[in-house]
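One-letter residues, chain by chain:
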Amino acid sequence: MPLPRKTGGWGAILYSLKMARLAGGIWPMMRALISRNNCKSCALGMGGQNGGMKDEKGHFPAVCNKSFMAQASDMQGALPENFFKTNSVDTLSHWTPQELELSGRLVSPLICEENDSHYRPISWSEATQRITEKIKATSPDKTFFYASGRSSNEAGFLLQLFARQFGTNNVNNCSYYCHQASGVGLQQSIGTSTATVELNDLDHSDLIFLVGANPASNHPRFLRTLMELRRRGGQVVVINPARERGLENFSVPSDLRSLLFGSDIASVYLQPRIGGDIALFTGIAKSLFDLAESNPNLISNDFITDHTENFQELKNHIQNIPWNTLEESSGISKKQIENTAKIYSKSKNTVFAWAMGITHHAFGVDNVQSIVNLALLRGMVGRKHAGLLPLRGHSNVQGVGSMGFTPQLKKEILKNLESKHPVTIPSEPGLDTLGCMEAADKGHFEFAWNLGGNLYGSNPDSTFAKKALSKIDFMLYLNTTLNQGHFLGRGKTTLILPVLARDEEPEPTTQESMFSFVRLSEGGPSRYPGPKSEVKIIAEIAEKVLTNDPFPWGEYKKTGNIRHLIGDVIPGFEKIKEIDNSRKEFHIEGRILHNPEFSTSMSKAKFKVCSIPAVRENSQNRFTLMTVRSEGQFNTVVYDTEDRYRGISGRNVVMINEKDMEKLNLQEGNRVTVKNETGEMTGQKVVPYPIKEGGIMMYYPESNRLVPRNVDPQSKTPSFKSIEVLLEKEL
């Protein structure tokens, strides 16, 4: 199957119009998109007080088909009144993510108790009472609280505070399954866990390394940044085991020239082995040292001396690694590596951007720190127009983390909370996301609160996830639409509460972008009478559970009061206290590193020695699998089974190099079984794809049943993109 000649462009526009029809027409869709609300899709961010479809620079239209997808889902009709009478839990357990997502909006609380065959609607008063009684009857250490990146800062802050005041630190979020390795690696190396650049910095860069990411499908608006960089003579080095057509050439719909003729994206495209990134970055660094012998200024020696630690240790480590090891481990030739190093050596302003192709490994933190090392060598951190940019997924996943929705609060937040407010934080350590799943499987938990998201669908080892969640006495979900977790991730009793979408909130809420830019979303009228605000649900339940608590939970049904509390206790968020009156959105203080000021123990950035992972020797029918998203999905939500940018229809497929197909005597369309010790998937269709030999790709979340529960020991992130599997042809 040939790759599509064009990506983006008219196809993206037509697909957006298709989504608009689902939402009731183009005009209702445009009214929703131009409202003063933050985009519901990726963490690039747009909207807020600048107006819909504008970014923080004021560019219009800053919108993509992902925005249309998310908005259309919230604007679809309500679930039919007889939906759960007609469809049993068993029936819905076999529906696809797409079928569930597009079945309609949740508008009434729903409950499914042990031995029930169907969900049934209940009143809000009964739902609240059941939740309150269950929490009161449960020991705090037998509860956990999980949040997705869909919720607001206010809801995230209030729920984590309630959990801790109730008595548990079992508080975690979806970033443990995506960018936690970025946060851990950056924090250790430079003292901050987020991007060091702001959006405007990208306009002045002359080189962007795009590593382990496919923004054509997952962050489409980022392609405009890359297009503009190429137009002004800059370069884009793409590093990805798969050759994605959208990273070679993309038609940016908001630019007429690009729309008509397309735009070159990658100036250099490197395809390393899956898991070969550390060897590649080590090779680039080794090449820089070689180049510096004749031109010492290529290495930023003054910056290294004044602002970093451990340089000599790293240099000795790199120089002692032979080239044949680097070539074999990376899968990239010495000549290609040296050419990339020469490009980097000539750059004045380099930005390193990466996504889950870097973090989804058992050595994800080392992957991130090998990127940081490369940036520090040339002083590309701690100044304007250059730096580090983890391409985060959901629109407020970074904000939820900033709000303290983590097992351990940062010391300053903890100190401010306990010194300024009548709260007492438990001292027992909390569990990360997979840690909670492991404990659930042991029967440890009696209650779990899910603030948005799809915990089942985002987990590795789907068979295990279903079993573990089924052992929890009471599962509480807050969602706008149905997902597989409501059926395959049920507890003994499962209660679903319908919540308002961001642009339906009765009061303003805030969200944080990957650039640490905080936006104020105005909210708007509710589309349906049933759903409620997350903040009001949390505050009401907290008030009923903690009846003798000196903390005034009733006051925090108002989002403005929560913002005052956030500004009081979270460093860098002081301006949020004034945002209701000023309407001034802001960058969080201390995040954007335009000066070499690092919040580490010695106030210096740290070079980290990163060992090169062992090369996995794949036999004839053994491969390394990496799970991927399609153009028609966002995280676990699947809007369309057609992956237009890969030219693939359907999701039960194995993308494999044509040379590997020849070795196995496979033809396009053959059916294969993919299996390992974790699970097995049968009836998968073979599709030839330009991925590095020895690797295959399958779609997430369906292929999660093959993903083992191996994690990076530092970030606790599973290795969704480095899975050993056996591939067998079916007769």
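1. A short note on the sheet that holds strand 11 (residues 350-354)
- If you trace the five strands from one edge of the open sheet to the other, you get 9-6-5-11-12, paired in parallel fashion. Strands at the two margins of the open sheet, each flanked by one partner only, are strand 9 (268-270) and strand 12 (387-390). For this sheet the average axis-to-axis angle between neighbouring strands, irrespective of direction, equals 15°.
- Inspection of the sheet shows strand 11 paired to strand 12 by four bridges, in the parallel sense.

2. Regarding the sheet that holds strand 26 (residues 671-675)
- As summarised here, the arrangement of the six strands in space is 20-28-25-27-26-29, forming a closed barrel in which the pairing is mixed. Each strand axis lies, on average, 45° off the axis of its neighbour in the sheet, ignoring direction.
- Here strand 20 (residues 622-628) runs beside strand 29 (residues 723-729); their pairing, made up of four bridges, is antiparallel. Residue pairing in the sheet places Leu-625 in a bridge with Ile-723 of strand 29.

3. What about helix 23 (residues 411-420)?
- Among all positions in helix 23, only Ile-413, Asn-416 and Leu-417 are buried. Taken around the axis of helix 23, the buried residues stretch over an arc of 100°, which confines them to a single face. Counted as exposed and oriented over 90 degrees from the buried face of helix 23: Lys-411, Lys-415 and Ser-419.
- The inward-facing, buried residues of helix 23 contact helix 8 (153-166), helix 22 (397-402) and helix 29 (559-569).

4. Digging into the packing of aromatic side chains
- In total, this model carries 24 aromatic pairs according to the counting rule given.
- For the pair Tyr-700 and Phe-720, a centre-to-centre distance of 5.9 Å together with 80° between the ring planes defines the contact as edge-to-face. Of this pair, Tyr-700 sits in the loop between strand 28 (695-699) and strand 29 while Phe-720 sits in the loop between strand 28 and strand 29, and the two are 20 residues apart along the sequence.
- The class of Phe-720 is buried, set by a relative accessible area of 0%.

Rules used in this analysis
- Residues numbered from 1 in each chain as written.
- Predicted model: local features only at pLDDT ≥ 70, side-chain atom pairs only at ≥ 80, totals over all residues.
- Heavy atoms only, no water.
- Pairing = 2+ DSSP bridges.
- Helix = DSSP H or I, 4+ residues; strand = E, 2+ residues; numbered from the N terminus.
- Axes fitted to C-alpha atoms, helices over the stretch in contact; angles between N-to-C directions.
- Buried < 20%, exposed > 50% of the residue type's maximum accessible area, 1.4 Å probe, protein only.
- Arc of directions from axis to C-beta.
- Contact = heavy atoms within 4.5 Å.
- Phe/Tyr/Trp six-rings, centres within 6.5 Å; stacked < 30°, edge-to-face > 60°.

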